[in-house]
Amino acid sequence: MTIRTGQGWDSHRLTRGRPLILGGVAIPSEFGLEGHSDADVLTHAITDAMLGAAALGDVGMHFPESDPRWKGAGSRPFLAHARDLARARGYQLANVDSPVIMERPKPSGYRQEIRAQLAAALEIPIECVSVKFKTAEGVGAVGEGHSAEAQAIVTLLSGK
């Protein structure tokens, strides 16, 4: 059996007038994340980690900001695309572990809904999806409330 691990990371500025989407779930907030698509840092980090584990590049290669099709687009198709590419290479997604780092709002009340949305998009059991929420303790752009970021580690398995 082959085990492949991928790491992903994404960061976006917080801004007024945009929805805050994490893992495909809209979180009530006066601030949202700025970006070309829906700026879902969690989904982008997981997508990058899956693509990395399968050695298939990154989100920007598959969904470039220069392509108007992705302007304002939801990020769920990004996850499905990475999942399908990994499957086509003979990999099965075994686990996702992802912290979201932001000062406000506190999205921990949405953890189960976010996990369920991600599990459905990835077509894996919810028990295989871990989402954690952290702060930056007032340090840097995230800690000062100017941005949010997410990291992800994905494990792919193959019978090869």
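Summary of the structure given here. Note that the coordinates shown come from a computational prediction; the quantities given were computed from them, not determined experimentally.

Basis of the calculations
- Here the residue index of a chain counts from 1 through its sequence in written order.
- Side-chain atom pairs in this predicted model are given and counted only at pLDDT of 80 or more, local residue features only at pLDDT of at least 70, and totals for whole chains, interfaces and linings cover all residues.
- Heavy atoms from the whole structure form the basis of all side-chain values; hydrogens and water molecules are not counted.
- Two strands pair if DSSP finds at least two bridges between them.
- For the purposes of this entry, the term helix denotes a DSSP run of H or I that reaches at least four residues, the term strand denotes a run of E that reaches at least two, and both are numbered from the N terminus.
- Axis lines are fitted to C-alpha atoms, over the contacting stretch for helices. Their N-to-C directions set the angle, which ranges from 0 to 180 degrees.
- Each salt bridge in this description consists of a side-chain nitrogen of Lys or Arg and a carboxyl oxygen of Asp or Glu lying within 4 Å of one another.
- Categorising residues by exposure relies on relative accessible area from a 1.4 Å probe, with only protein chains included: less than 20% of the type maximum marks a residue as buried, more than 50% marks it as exposed, and the intermediate range marks it as partly exposed.
- Among buried residues, those of type Ala, Val, Leu, Ile, Met, Phe, Trp, Tyr and Cys that are joined through side-chain atoms within 4.5 Å constitute a nonpolar core.
- Note on definitions: a residue-residue contact is assigned when non-hydrogen atoms from the two residues lie within 4.5 Å.

Comments concerning the sheet that holds strand β6 (residues 129-134)
Read from one edge of the open sheet, 5 strands run β4-β1-β7-β5-β6, paired in mixed fashion. One side of each edge strand has no neighbouring strand; the edge strands of this open sheet are β4 (31-33) and β6. In this sheet, neighbouring strand axes are inclined to one another by 20 degrees on average, regardless of whether the strands run parallel or antiparallel. Where strand β1 (residues 2-16) lies against strand β7 (residues 147-158), 12 bridges are found, and the strand directions are antiparallel.

Digging into the pattern of salt bridges
Tallied over the full model, the rule gives 6 salt bridges. Across the pair Arg-83 and Asp-84 runs a salt bridge, and its minimum N-O distance is 2.9 Å. The salt bridge involving Lys-132 is made with Asp-97; its shortest N-O contact spans 3.0 Å. Here Lys-132 is found in strand β6, whereas its partner Asp-97 is found in strand β5 (residues 92-101), with 35 residues between them in sequence. Of the residues examined, Lys-132 reaches a relative accessible area of 29% and is grouped as partly exposed.

Let's talk about the nonpolar core
One recurring pattern in soluble globular proteins: nonpolar side chains tend to sit buried together. The biggest cluster of nonpolar side chains holds 40 residues, and the ones touching the most others in it are Leu-22, Ile-46 and Ile-114. Ranked by residues supplied to this core, first place goes to helix α1 (residues 41-53) with 8 residues. Not counting the four nearest positions on each side in its chain, Leu-22 is found in contact with Ile-27, Leu-33, Asp-40, Val-41, Leu-42, Val-100, Met-102, Pro-107 and Ile-114.

By themselves, these figures tell us nothing about what the structure is for.
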